[in-house]
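Listed below are the residues making up each chain.
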Amino acid sequence: MRGLFKWLLSVFVSLSMSFSASAGLFKITVNDLGGLTPSQSSAFSGLTSITQLSDSPFVYANRGLMQFDTADLTRLENRGSLFDVIVHEMAHVIGFGTLWTTDFAIAGSQSNYVSGSGRYTGEYALEIYRREFVEGATFIPVELNGGEGTANAHWDEPWPGGSSDLMTGFLGPYPITLSDTTIASFADIGYLTTVTHAVSEAASVWLFLLSIGLIVGRNNQRPRVASLKSV
């Protein structure tokens, strides 16, 4: 399936973040606070804390919370969608929809979306969207329905990338897919991805095998080639 392996390899493993002295790795750690079976725990979001590094214009998440109704876990696991839901929520924790725009709070930081507009304009994702789906597009359509937690934080359900994309606001239809546009959107909030930056495939595979969940460091310079609330 095109989606989830590509997601883990291209985003969680190959994302990067800059440090003033040198690049370094940090790990996404999921703390199981109880209520999960061993299989549910092994499959494992809202953002609760952010940080801005001294040499970076970007605002990053450094802590988040994922809450699930335990009554839904078995149902999701039995139908094979628990992993998809968890990865979706992890994406929100590290910034998809939650850190698209932060300049209203921290001047000069990322500004990719105006709430209520339905128009995402981040540089990297928009360039990939033009290549992948709509040549000459001036924005990527964002969901405005579904209420708090869905509106303004997901791709629009009927967007050209298809309603099966991992980051639309409503789960399904299956199989879940992952567009290059979705991956590229993480570059708009300060990460390095294999879609928007040159990353060695061998290095990515090595990192994937040894350290699933690690995020790699990124500097602030744009390359010359331009470009989880609940479901």
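Residues numbered from 1 in each chain as written. Predicted model: local features only at pLDDT ≥ 70, side-chain atom pairs only at ≥ 80, totals over all residues. Heavy atoms only, no water.

Enquirer: Describe the overall build of the chain, naming the residues involved and giving the relevant values.
Expert: Broken down by element type, the chain carries 7 helices and 6 strands. Order of helices (α) and strands (β) in the chain, N terminus to C terminus: α-β-α-β-β-α-α-β-α-β-α-α-β. Per-residue burial over the chain gives 48% buried out of 231 residues. Per element, the accessible surface of the chain, about 11000 Å² overall, is 54% carbon and sulfur. (Helix = DSSP H or I, 4+ residues; strand = E, 2+ residues; numbered from the N terminus. Buried < 20%, exposed > 50% of the residue type's maximum accessible area, 1.4 Å probe, protein only. Areas by Shrake-Rupley, 256 points an atom, 1.4 Å probe, with all protein chains shown as cover.)

Enquirer: Any chance you could break down the nonpolar core for me, citing the residues and the numbers?
Expert: Here is a general trend for soluble globular proteins: nonpolar side chains tend to be buried in one another's company. In terms of nonpolar packing, the biggest core is built from 27 residues, with F96, W100, Y120, I140, W155 and F186 touching the most fellow members. Mapped onto this core, the elements with two or more residues apiece are helix 4 (82-93), helix 5 (123-132) and helix 6 (180-184). In terms of residues, this core owes the most to one element, helix 5, which gives 4 residues. Apart from residues no more than four positions distant in its own chain, Y120 is found in contact with W100, N112, Y113, A125, F139, I140, V142, W155, S185 and D188. (Core = buried A, V, L, I, M, F, W, Y, C linked by side-chain atoms within 4.5 Å. Contact = heavy atoms within 4.5 Å.)

Enquirer: Go over the pattern of salt bridges with me, naming the residues and quoting the values.
Expert: Within the structure shown, the criterion is met by 2 salt bridges. Close ionic contact of R130 with E127 constitutes a salt bridge, the shortest N to O distance being 3.5 Å. Taken as a pair, R130 and E127 lie in helix 5 at a separation of 3 residues, close to a single helical turn. The partly exposed category is assigned to E127, whose relative accessible area is 22%. (Salt bridge = Lys/Arg side-chain N within 4 Å of Asp/Glu carboxyl O.)

Enquirer: Pulling in residues and values, what's your account of unusual backbone geometry?
Expert: That bond from G172 to P173 is cis: its omega, -5 degrees, falls within 30 degrees of zero. Examined against the element boundaries, P173 turns out to sit in the loop between strand 5 (140-141) and helix 6. Along the chain, Y174 connects to P175 via a cis peptide bond; the corresponding omega equals 0 degrees. With respect to the element layout, P175 can be found in the loop between strand 5 and helix 6. Even without being glycine, N152 reaches a positive phi, approximately 65 degrees. Structurally, the position occupied by N152 is in the loop between strand 5 and helix 6. Residue classification places N152 among the partly exposed positions, given a relative accessible area of 22%.

Enquirer: I'd like a description of the packing of aromatic side chains, backed by residues and values.
Expert: Pairs of aromatic rings are described using the distance from one ring centre to the other and the angle between the two planes. This structure, assessed with the given rule, holds 14 aromatic pairs. Here W155 and W159 contribute two aromatic rings whose centre-to-centre distance is 5.4 Å and whose plane-to-plane angle is 25 degrees, an arrangement assigned as stacked. The pair W155 / W159 is uniform in exposure class, with both members buried. Following the ring pairs from residue to residue traces out a cluster consisting of F58, Y60, F96, W100, Y113, Y120, Y129, F133, W155, W159, F186 and Y191. (Phe/Tyr/Trp six-rings, centres within 6.5 Å; stacked < 30°, edge-to-face > 60°.)

Enquirer: Run through helix 5, naming residues and quoting values.
Expert: Because each turn of an α-helix spans 3.6 residues, side chains separated by three or four positions in sequence point in the same direction. What helix 5 keeps buried is the set Y124, A125, L126, I128 and Y129. Looking at the buried positions of helix 5, the neighbouring elements they touch are strand 4 (119-120), strand 5 and helix 6.

Enquirer: An account of the environment of I189 is requested, with residue identities and associated values reported.
Expert: Summarising the element assignment, I189 is placed in the loop between helix 6 and helix 7 (201-210). Considered as a pair, I189 and S111 are 78 residues apart in the sequence and their alpha carbons are 8.7 Å apart. Not counting residues within four places of it along the chain, the set of residues in contact with I189 comprises F58, V59, Y60, I94, G95, F96, L99, W100, Q110 and N112.

Enquirer: Requested: an account of helix 4, with residues and values cited.
Expert: In this model, helix 4 (12 residues) spans 17 Å end to end at C-alpha, consistent with the 16 Å of a helix rising 1.5 Å per residue. Every buried residue belonging to helix 4 is among L82, D84, V85, I86, V87, H88, E89, M90, A91, H92 and V93, and all of these are buried. (Expected span 1.5 Å × (residues − 1).)

Enquirer: Which residues make up the side chain of N112, and what are the values?
Expert: Tracing the backbone through its elements, the reader meets N112 in the loop between helix 4 and strand 4. Residue classification places N112 among the buried positions, given a relative accessible area of 7%. At 3.2 Å, the side chain of N112 and the backbone oxygen of D188 are in polar contact. With residues up to four places along the chain from it excluded, the contact list for N112 reads W100, T101, R119, Y120, T121, G122, D188 and I189. (Polar contact = N/O pair within 3.5 Å; in protein donor to acceptor, adjacent residues only side chain to side chain.)

Enquirer: Help me get a handle on empty space enclosed by the protein, residues and values and all.
Expert: To find the voids left in a structure, one rolls a probe of water-molecule size over its atoms. Counted as a void, the largest cavity has a volume near 40 Å³. Considering the residues around the largest cavity, the lining is formed by 11 residues, among which D165, L166, F170, L171 and G172 are closest to the centre. Class assignment of the residues belonging to the lining of the largest cavity gives a composition of 5 nonpolar, 5 polar and 1 charged. (1 Å grid on protein atoms, 1.4 Å probe; cavity = no way out; pocket = protein on both sides within 12 Å on 5 of 7 lines; lining within 4 Å. Points joined across faces, edges and corners; volume = space filled by probe spheres on them. Nonpolar A, V, L, I, M, F, W, Y, C, P; charged D, E, K, R; others polar.)

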